[in-house]
Amino acid sequence: LKLCRDVVNAHSRDRRDLDVVLALRDYVNKKKLRLAKHGVFCDPTHEYLFEQYQAVLAANNSIDFGDVLLRAYDALQKPEVRASVCAAIWHVLVDEFQDLNELQLEILMCIAAKIDSRITCVGDPQQAIYGFRNAVPQIFQVLLQRYPSTQQLALRVNYRSTHRIVQGCSRLVA
C-alpha cells in the first residue's frame, strides 16, 4: 500500500486521496490476476499509475506479491519446471483456503495435477477477508466442481473461542 501511496503522491492530481490509493492497489491486483488468465487487461483511468508503479518496482529491482504469483504460474506452464517442482512435493496443505484468488488456485491445480491431488485445504468461507487481493469466497465450490470426489469434513468443535462467542458469531452469519 505504501508503494501505491508513493506513486499516487508523485503522479496524480488527487494526492493524499486514500480512495485513489486503494483504487490503484485494486487495479494492480486485478490486472496481474487477469494477465495470467486472459492475457490483456487495461483500464485507461488507472493504466498510467500502474505503469508508474511497475517502473518503481523495476527501478528498485523489486517485485510485488502479484509478480510472485505471475512468475510462479508462468514457470509452472513449462513441463520441465512443473515436473521438477512436483518431484519434491508429496502433499500440499493450504490453510486459510477461503483467501485464495483464482491465480493461486491455478498454481495449486498445476501442482495437484502432478501429485495425484494429495491436497488438504483448511478454511472457512465465512471468514474470507482478502477481497482486495481478489480472493474468491466461492473457492470451495470451485474446488468441489473440479474435483467431485473431494471429501469435505466440517470441524464441529471450535478450540479457539468460548461457546458463547461461537454462538454469537453463528447468529451473525446465519
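Residues numbered from 1 in each chain as written. Predicted model: local features only at pLDDT ≥ 70, side-chain atom pairs only at ≥ 80, totals over all residues. Heavy atoms only, no water.

Draft legend 1. Highlighting the pattern of salt bridges. If you walk through the whole model with that rule in mind, you get six salt bridges. When the shortest N-O distance is used, the salt bridge between K32 and D67 registers 3.0 Å. Highlighted residues: K32 in helix α2 (residues 18–38) and D67 in helix α4 (residues 65–76), separated in sequence by 35 residues. The two residues K32 and D67 agree in class, both being buried. Close ionic contact of E106 with R146 constitutes a salt bridge, the shortest N to O distance being 2.5 Å. Here the residue E106 occupies a position in helix α6 (residues 102–114), and R146 occupies one in helix α7 (residues 139–146), the gap between them amounting to 40 residues. For E106, a relative accessible area of 15% translates into the label buried. Given a relative accessible area of 39%, R146 falls into the partly exposed group. Through salt bridges that share partners, K32, D64 and D67 make up one connected network. (Salt bridge = Lys/Arg side-chain N within 4 Å of Asp/Glu carboxyl O. Helix = DSSP H or I, 4+ residues; strand = E, 2+ residues; numbered from the N terminus. Buried < 20%, exposed > 50% of the residue type's maximum accessible area, 1.4 Å probe, protein only.)

Draft legend 2. Geometry of the confidence of the model for the protein chain. Predicted confidence across the protein chain gives a mean pLDDT of 83, with 89% of residues reaching 70 or more. Considering each helix and strand of the protein chain separately, the mean pLDDT is smallest for α2, with a value of 79, and largest for α4, with 92. (pLDDT = per-residue confidence, 0-100.)

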